[in-house]
Amino acid sequence: MTNLDMYRIAENENIDIINYNWNNVKARIFELDNSFYIALNSKKINNSIEEKEILAEELGHYYCNALYYIDSDKITKRKCELRAIKWAYSILVPFQKLKEKIIQGFNLYDLADYFDVDINYMNDCINFYTEKYGILV
């Protein structure tokens, strides 16, 4: 998946992506008058890989119906964030493809390059899948 793929998914769902200077976050998805928007703070996003990862997570909020209010309690926020990141992992690093590449001998750096994600993101994704499924190969 590329950045363009993330933008196309948003476009297909009629989700507008706008630039907005948030004080303490890089992005938010919100609903206003039955329309959805993803507001990115491009000044806080370091590179196109991070932008893709952020867009995938924000789209995860949409697809998993994991939206919450800013003043929601911490438990609700945490549950919504987890559902969104799980969706992002499944889109950016599909489980079966990950297993295939591990069997082929890809190391962590090779995997991050192959899936075009940050090394830390790749590590978090592997940890998620390992906790969910156990041993990956």
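Residues numbered from 1 in each chain as written. Predicted model: local features only at pLDDT ≥ 70, side-chain atom pairs only at ≥ 80, totals over all residues. Heavy atoms only, no water.

### Observations concerning the confidence of the model for the chain
Here is step 1: Per-residue pLDDT for the chain averages 94, and the proportion of residues at 70 or more is 100%.
Here is step 2: When the elements of the chain are averaged for pLDDT, strand E2 (residues 27-32) gives the smallest value, 93, and helix H5 (residues 108-115) the largest, 98. (pLDDT = per-residue confidence, 0-100. Helix = DSSP H or I, 4+ residues; strand = E, 2+ residues; numbered from the N terminus.)

### Comments concerning unusual backbone geometry
Here is step 1: Phi at Asn65 is positive, roughly 50°, even though this residue is not glycine.
Here is step 2: Looking at the element boundaries, Asn65 is found in the loop between helix H2 (48-63) and helix H3 (74-92).
Here is step 3: Overall, Asn65 belongs to the exposed group, its relative accessible area being 61%.
Here is step 4: A positive phi angle, near 55°, is found at Asp116, a position not held by glycine.
Here is step 5: Tracing the backbone shows Asp116 in the loop between H5 and helix H6 (119-133).
Here is step 6: Taking the relative accessible area as the measure of exposure, Asp116 reaches 37% and is therefore partly exposed. (Buried < 20%, exposed > 50% of the residue type's maximum accessible area, 1.4 Å probe, protein only.)

### A short note on the pattern of salt bridges
Here is step 1: Inspection of the entire model under this criterion finds 4 salt bridges.
Here is step 2: Across the salt bridge formed by Lys26 and Glu50, the nearest N and O atoms sit 2.3 Å from each other. Of this pair, Lys26 sits in the loop between strand E1 (15-19) and E2 while Glu50 is found in helix H2, placing the two residues 24 residues apart along the sequence.
Here is step 3: When its relative accessible area of 14% is taken as the criterion, Glu50 is described as buried. (Salt bridge = Lys/Arg side-chain N within 4 Å of Asp/Glu carboxyl O.)

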